[in-house]
Amino acid sequence: MIFRADKLLTQLPVPKHPSSEAAAAVQELMGGKAGEMSTLMNYFFQTINFRDREAYGPYYKLVANIAAEEWGHVELVASAINLLLTGTTTRGHDPTAAPLAEALKAHNKYQFFNAGQCALPVDSMGNYWNGSYVQSSGNLRLDLVHNFFLETAARATKLKVYETTSDPTVRELTGFLLVRGSTHVIAYAKALEELSGVNVVKLFPIPELSNHAFPEAQKYIEQGLYNTLYNFTQEDISAISQIWKGPHPDGAPDLTVTNDPIPTIADLPALPAEPQLASPAADEVEPGFVQEAARRIFGKSM
């Protein structure tokens with residue numbers, strides 16, 4: 001069960017220059033094979049499918065808590081995309097003025113034709129995310145190995161998106177995700193070490209975990225987001241400290257678990273209406289539209 005809060009995990013700056021191209025790049029962090037939808041759905045399914053929670057409680061709590069955080073990552077990425085797309089077309093009510101002309105130049109036209117100028121569950125090329133990306137084998141060690149490599153692949157993708165643009169919104173988003181993603185890499189490495197005795201840290205860097213080259217990441221490191229696992233549930237997660245403990249492999253303070261929420265929580269950005277896309281609603285519904293929609297969905301008119 002997920003309890004919703006209308007908040008973002010961190011504050012995103014409003015873009016000075018809207019960019020559908022930057023938004024298309026950020027879509028890779030949403031619906032790509034190593035995007036946030038993949039991390040979310042992998043950990044979520046592993047959580048609800050987890051067997052023998054009593055014997056392996058700390059591992060269950062670790063995966064479940066990270067899964068809950070990933071819901072927030074999806075929302076954060078979507079908000080960045082929505083901010084980048086706001087203002088990319090001419091806002092207005094007159095369809096004869098071709099207010100969507102700029103959409104023809106957009107790399108990802110689905111954001112305009114299949115959505116209200118906003119995020120979709122697709123990658124940077126417009127390919128829809130699919131469930132074949134989910135690994136939930138029922139074998140804890142196998143799933144943890146998969147999660148470790150999924151997080152490293154996700155980090156590599158974030159690095160590439162960071163390098164595509166100097167847009168402050170994209171840089172802020174990726175700076176935050178690089179720090180938290182590195183934390184999750186280490187979390188799964190520690191879980192594997194505790195479970196198997198193998199020194200997984202020796203696999204670093206794949207890629208290099210250090211975030212010191214990214215100015216946008218520094219404040220998050222200083223706030224403790226690099227070495228702390230926060231509580232994204234209403235349950236006590238202190239048992240995770242049986243796994244998440246010891247020195248940080250990148251020189252940050254020692255690993256710590258807290259039942260406090262993540263300290264960077266911010267308000268959702270305000271998104272104005274886009275009347276040229278009938279978003280959020282058209283001024284009026286055409287006669288017969290509801291009846292026709294009902295006929296198509298249910299096979300009969302209402």
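For the structure itself, look to the data block above.
In this text, all values refer to a predicted model and were calculated from it rather than measured experimentally.

The rules behind these values
Residues numbered from 1 in each chain as written. Predicted model: local features only at pLDDT ≥ 70, side-chain atom pairs only at ≥ 80, totals over all residues. Heavy atoms only, no water. Axes fitted to C-alpha atoms, helices over the stretch in contact; angles between N-to-C directions. Helix = DSSP H or I, 4+ residues; strand = E, 2+ residues; numbered from the N terminus. Parallel < 35°, antiparallel > 145°, perpendicular 65-115°, else oblique. Contact = heavy atoms within 4.5 Å. Nonpolar A, V, L, I, M, F, W, Y, C, P; charged D, E, K, R; others polar. Left-handed = near helix turned anticlockwise from the far one by under 90°. Core = buried A, V, L, I, M, F, W, Y, C linked by side-chain atoms within 4.5 Å. Buried < 20%, exposed > 50% of the residue type's maximum accessible area, 1.4 Å probe, protein only. Patch = residues over 30% accessible without salt bridge, like charges linked within 9 Å, V, L, I, M, F, W, Y side chains within 5 Å. Areas by Shrake-Rupley, 256 points an atom, 1.4 Å probe, with all protein chains shown as cover. Salt bridge = Lys/Arg side-chain N within 4 Å of Asp/Glu carboxyl O. Phe/Tyr/Trp six-rings, centres within 6.5 Å; stacked < 30°, edge-to-face > 60°. Expected span 1.5 Å × (residues − 1). Polar contact = N/O pair within 3.5 Å; in protein donor to acceptor, adjacent residues only side chain to side chain.

Caption draft 1: Examining the packing of helix H1 (residues 20-31) against helix H5 (residues 140-164) more closely. Between H1 and H5, whose axes approach to 10 Å, the crossing angle comes to 170 degrees. By the angle between their axes, H1 is roughly antiparallel relative to H5. The residues of H5 that touch H1, namely those facing Ala25, Val26, Glu28 and Leu29, are Thr157, Lys158, Val161 and Thr164. Taken together, the residues that form the contact of H1 with H5 break down as 4 nonpolar, 2 polar and 2 charged.

Caption draft 2: Fine view of the packing of helix H6 (residues 168-196) against helix H7 (residues 215-222). Orientation of H6 relative to H7, taken along the N-to-C sense of each, is 45 degrees, at an axis distance of 8 Å. Between H6 and H7, the interaxial angle falls into the category oblique. Pair H6 / H7 crosses with right-handed handedness. Side by side, H6 and H7 meet where Arg171, Glu172, Gly175, Phe176 and Val179 of the first sit next to Glu216, Ala217, Lys219, Tyr220 and Ile221 of the second. The residue makeup of the contact of H6 with H7, split by class, is 5 nonpolar, 1 polar and 4 charged.

Caption draft 3: Quick peek at the nonpolar core. Of all hydrophobic cores here, the largest spans 73 residues; its most connected members are Leu144 and Leu173. Elements with a contribution of two residues or more to this core: H1, helix H2 (36-48), helix H3 (57-85), H5, H6 and H7. Residue contacts for Leu144: discarding those within four places in its chain leaves Tyr59, Val63, Tyr188, Ala191, Leu192 and Leu195.

Caption draft 4: Quick look at the environment of Tyr188. Structurally, the position occupied by Tyr188 is in helix H6. Judged by its relative accessible area of 0%, Tyr188 is buried. Considered as a pair, Tyr188 and Val63 are 125 residues apart in the sequence and their alpha carbons are 8.6 Å apart. The residues touching Tyr188, leaving out its near neighbours within four places in the chain, are Tyr43, Val63, Ile66, Leu144, Asn147, Phe148 and Glu151.

Caption draft 5: Quick look at a nonpolar patch on the surface. Together, Val145, Phe149 and Leu203 line one region of the surface with nonpolar side chains, adding up to about 230 Å² of accessible area. With respect to the secondary-structure elements, Leu203 resides in the loop between H6 and H7. Among the residues examined, Leu203 registers a relative accessible area of 39% and is labelled partly exposed.

Caption draft 6: Quick peek at the pattern of salt bridges. The tally for this structure, following the rule as stated, stands at 11 salt bridges. One salt bridge in this structure joins Asp6 and Arg4, with 2.9 Å as the shortest N-O distance. Residue Lys7 is joined to Asp267 by a salt bridge in which the shortest nitrogen-to-oxygen separation is 2.5 Å. Linking Lys7 in strand S1 (residues 7-8) with Asp267 in strand S4 (residues 266-267), this pair joins segments that are 260 residues apart in sequence. Under the relative-accessibility criterion, Asp267 is labelled partly exposed at 47%. When salt bridges with common partners are traced through the structure, they connect Arg4, Asp6 and Glu75 into a single cluster.

Caption draft 7: Just the packing of aromatic side chains, in detail. Counting across every chain of the model gives 10 aromatic pairs. Here the aromatic rings of Tyr43 and Tyr188 are separated by 5.2 Å at their centres, their planes lie at 55 degrees, and the arrangement is tilted. Of this pair, Tyr43 sits in helix H2 while Tyr188 sits in helix H6, and the two are 145 residues apart along the sequence. The exposure classification of Tyr43 matches that of Tyr188, with both residues buried. Plain terms: the ring middles of Phe176 and Tyr220 are 5.2 Å apart, the flat faces sit at 85 degrees to each other, and that makes the pair edge-to-face. Of the two residues, Phe176 sits in helix H6 while Tyr220 sits in helix H7, which places them 44 residues apart along the sequence. Phe176 gets classed as buried once you look at its relative accessible area, which sits at 0%.

Caption draft 8: Molecular detail of H6. With 29 residues, H6 should reach 42 Å at 1.5 Å per residue; the first-to-last C-alpha distance of 42 Å fits that figure. With 26 of 29 residues buried, H6 is to be regarded as a mostly interior element. Near the N-terminus of H6, the side chain that reaches the backbone nitrogen of Thr169, with its oxygen 2.8 Å away, is that of Asp167. One or two positions beyond H6, positive phi appears at Gly197, with a value near 85 degrees.

Caption draft 9: Examining the environment of Pro95 more closely. Turning to its location among the elements, Pro95 is positioned in the loop between H3 and helix H4 (110-113). In the structure, Pro95 is positioned 199 residues away from Ala294 in sequence and 27 Å away in space, judged by C-alpha atoms.

Taken by themselves, the reported measurements are silent on function.
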